[in-house]
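Chains, contacts and geometry: an overview
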Amino acid sequence: MIKAKCHPFWKDKNGNIEYNKSLVSPAVTANGYLYPCCWLDTGKPVIDKKLHEIGMCDKNINDNTIKEIFESKAWVKFHKELFEGRSIIEQCYKKCGINEL
């Protein structure tokens, strides 16, 4: 299970909505890309490759508004997959994953 700190709410194991009281701000990279959090801006090729694959680097703050980036297909898909627990970004699970026994 994942309770991503960049997502405003989650579903608990019973399907109830739980609001995130510790929402973190998105991060802007040196190249002008907007990432959901600073933990994704690692410079590690494997993480950078996955971010490019899912389209997180298709829009840049130098050419797009933050609203346009937030409403882009890549951001909507990223948060939908986080909400459904299907993110392909391992860093999300490392930093925000929760082990439930």
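Residues numbered from 1 in each chain as written. Predicted model: local features only at pLDDT ≥ 70, side-chain atom pairs only at ≥ 80, totals over all residues. Heavy atoms only, no water.

**Some thoughts on the overall build of the protein**
Stated formally: Labels follow the DSSP assignment, with helices taken as runs of H or I lasting at least four residues and strands as runs of E lasting at least two, numbered in each case from the N terminus. With the radius of gyration taken over C-alpha atoms, the globule rule is written as 2.2 Å times the number of residues to the power 0.38. Residue exposure (1.4 Å probe, protein chains only): buried if accessible area is under 20% of the type maximum, exposed if over 50%, otherwise partly exposed. Here a residue-residue contact requires only that any non-hydrogen atoms of the pair lie within 4.5 Å. The Shrake-Rupley method, run with a 1.4 Å probe sphere, supplies the accessible areas, and residue values consider only the shown protein chains as cover.
If you tally the helices and strands in the protein, you get 4 helices and 4 strands. Seen in sequence order, the protein has helices and strands lined up from the N terminus as β-β-β-β-α-α-α-α. For the protein, the C-alpha radius of gyration of 14 Å lies close to 13 Å, the compact-globule estimate for 101 residues. The principal-axis extents of the C-alpha atoms in the protein amount to approximately 40 × 25 × 20 Å. Within the protein, the proportion of its 101 residues that are buried is 37%. Put simply, of all contacts in the protein between residues at least 6 apart along the chain, 45% involve residues at least 24 apart. Carbon and sulfur atoms form 52% of the exposed surface of the protein, whose accessible area is close to 6600 Å².

**What to know about the environment of aspartate 58**
Take aspartate 58: it is sitting in the loop between α1 (45–53) and α2 (66–70). Taking the C-alpha atoms as reference points, aspartate 58 and isoleucine 69, separated by 11 residues in sequence, lie 8.9 Å from one another.

**Here we look at the pattern of salt bridges**
Going by this rule: A carboxyl oxygen of Asp or Glu within 4 Å of a side-chain nitrogen of Lys or Arg is what we treat as a salt bridge.
Overall, the coordinates contain 6 salt bridges when judged by the stated rule. In this structure, the salt-bridge partner of lysine 50 is glutamate 90, at a minimum N-O distance of 2.5 Å. Of the two residues, lysine 50 sits in helix α1 while glutamate 90 sits in helix α4 (residues 90–96), which places them 40 residues apart along the sequence. A relative accessible area of 18% places lysine 50 in the buried class. Residue glutamate 90 is classed as partly exposed on the basis of its relative accessible area of 41%. Glutamate 71 is the partner of lysine 67 in a salt bridge, and the nearest nitrogen-oxygen pair spans 3.8 Å.

**Regarding the nonpolar core**
Heads up, the condition is: Within this scheme, the nonpolar core is defined by two criteria: the residues are buried Ala, Val, Leu, Ile, Met, Phe, Trp, Tyr or Cys, and they are joined through side-chain atoms within 4.5 Å.
Leu40, Leu51, Met56, Phe78, Leu82, Ile89 and Cys92 are the most contacted members of the largest nonpolar core, which has 20 residues in total. Within the residue set of this core, elements represented by two or more residues are β4 (34–35), α1, α3 (73–83) and α4. When residues of this core are assigned to their parent elements, the largest contribution, 4 residues, is made by α3. Beyond its immediate chain neighbours, meaning those up to four positions away, leucine 51 contacts Tyr35, Leu40, Met56, Cys57 and Ile89.

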